[in-house]
Amino acid sequence: MPIRVSSSRRVTNYDNDGWLDLFVTAYTGKSGSQRPANRLYRNIGGKSFINVLLPASALNAGDHGVQWIDYNRDGALDLSLTRGYTDTGGHFLFRNDLARSAARRSLAVRVLDRTGQFTRMGAEVRLYDTAGRILATRQVSTGEGYNSQGTQPLYFGLASMSPITLEVTFMDKAGSKSQRIEPIHPARYAGTELIVRQR
């Protein structure tokens, strides 16, 4: 039976190693009797991806509506899934049980406009190390996914807790404008968010 990929794919860094991973929802089976056949591709140091999701995994419970969010604020991204291709359906929330030391290697960034509103869609957030090398980039989205809606903040898994520089580029009628914050010590934002308001 062929595997059909649904419309939900989400880039994430579920293990906080600094390399982006990919979760893909898929299903197999005939109409009316479809079952999930999902994939979780772990990024191996930027060189390759391997699927780490076994067929019997509990993460095969859903087939679309994918969202990664740190609902318990421990620094590890948790997974929300929706199952719609069965008579029973369902909505599932899986807690990421990443070790505490790894979970804390993360940074959540919330981007706001000058009045504190969520209107800066399209803004780009970049992280740099102390040598000026780019570590990661994310873009504030206008909306995400089929049968799901993403939320701010933007999440970054970090290879280390070393100080970093953050740069946000805003777009408006006058063009692009960037603002930088440095140094940032990620440990100071454990369990909370770094809020960046447009100047």
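Look above for the structure.
Residues numbered from 1 in each chain as written. Predicted model: local features only at pLDDT ≥ 70, side-chain atom pairs only at ≥ 80, totals over all residues. Heavy atoms only, no water.

So, the nonpolar core
In terms of nonpolar packing, the biggest core is built from 18 residues, with Val109, Val111, Val125, Phe156, Leu166 and Val168 touching the most fellow members. At the level of secondary structure, the elements contributing two or more residues to this core comprise β9 (106-112), β10 (124-128), β12 (154-157), β13 (164-172) and β15 (194-197). Per-element tally for this core: the top contributor is β13, with 4 residues. Not counting the four nearest positions on each side in its chain, Val125 is found in contact with Val109, Val111, Ala136, Thr137, Arg138, Leu154, Phe156, Leu166, Glu167 and Val168. Counting 14 residues, the second-largest nonpolar core is a separate cluster that includes Leu53, Leu79, Leu81 and Tyr155. (Core = buried A, V, L, I, M, F, W, Y, C linked by side-chain atoms within 4.5 Å. Buried < 20%, exposed > 50% of the residue type's maximum accessible area, 1.4 Å probe, protein only. Helix = DSSP H or I, 4+ residues; strand = E, 2+ residues; numbered from the N terminus. Contact = heavy atoms within 4.5 Å.)

Points about the pairing of strand β14 (residues 175-184)
For β13 and β14, the ladder comprises 8 bridges, and the chain directions are antiparallel. Across the sheet, the residue bridging to Val168 is Gln179, located in β14. Here β13 folds back onto β14 in antiparallel fashion, the turn holding 2 residues. (Pairing = 2+ DSSP bridges.)

Here we look at the sheet that holds β14
Spatially, 4 strands are ordered β11-β10-β13-β14 in an open sheet, and the strand pairing comes out antiparallel. Two strands lie at the open edges of the sheet, namely β11 (134-139) and β14, each paired on one side alone. Shown here is a sheet whose adjacent strand axes are inclined to one another by a mean of 15°, direction ignored. Here β10 runs beside β13; their pairing, made up of 5 bridges, is antiparallel. Across the sheet, residue Tyr128 finds its bridge partner in β13, namely Thr165. (Axes fitted to C-alpha atoms, helices over the stretch in contact; angles between N-to-C directions.)

Focus: the side chain of Thr12
Residue placement: Thr12 occurs in strand β1 (residues 3-12). Thr12 gets classed as buried once you look at its relative accessible area, which sits at 4%. Among all residues touching Thr12, those that are not within four sequence positions of it are Trp19, Leu20, Asp21, Trp68 and Leu77.

Here we look at the sheet that holds β12
What the 3 strands build is an open sheet, ordered β12-β9-β15; its pairing is mixed. This sheet does not close on itself; its edge strands, each paired only once, are β12 and β15. For this sheet the average axis-to-axis angle between neighbouring strands, irrespective of direction, equals 25°. Bridge count for β9 against β12 is 4 bridges, and the pairing is antiparallel. Across the sheet, residue Leu107 finds its bridge partner in β12, namely Phe156.

As for the side chain of Asp113
Structurally, the position occupied by Asp113 is in the loop between β9 and β10. Although Asp113 is buried, it makes no salt bridge; Arg120 carries the closest opposite charge, 4.9 Å away. A polar contact is formed between the side chain of Asp113 and the side chain of Thr115, at a distance of 2.9 Å. At a separation of 2.5 Å, a polar atom in the side chain of Asp113 contacts the side chain of Thr119. In this view, Asp113 contacts Thr119, Arg120, Arg197 and Gln198; residues no more than four positions away in its chain are not counted. (Lys, Arg positive; Asp, Glu negative; His and termini not counted. Salt bridge = Lys/Arg side-chain N within 4 Å of Asp/Glu carboxyl O. Polar contact = N/O pair within 3.5 Å; in protein donor to acceptor, adjacent residues only side chain to side chain.)

Some words on the pairing of β9
Counting buried residues in β9 gives 7 out of 7 residues, a clear majority hidden from the surface. Where β9 and β15 come together, 4 bridges link them in parallel fashion. Each residue of the ladder has a partner; that of Arg110, found in β15, is Ile195.

Looking at the pattern of salt bridges
Applying the stated criterion to the full structure yields 6 salt bridges. For Asp15, the salt bridge goes to Arg42, with nearest N and O atoms at 2.9 Å. Here the residue Asp15 occupies a position in the loop between β1 and β2 (21-28), and Arg42 occupies one in strand β4 (residues 39-44), the gap between them amounting to 27 residues. Classification of Asp15 by relative accessible area gives buried; the value is 11%. On the basis of relative accessibility, which here comes to 34%, the residue Arg42 falls in the partly exposed class. Linking Glu193 and Arg110 is a salt bridge whose minimum nitrogen-to-oxygen distance equals 2.6 Å. Pair noted here: Glu193 is in the loop between β14 and β15 and Arg110 is in strand β9, with a separation of 83 residues, a long-range link. The network of salt bridges with shared partners includes Arg73, Arg110 and Glu193.

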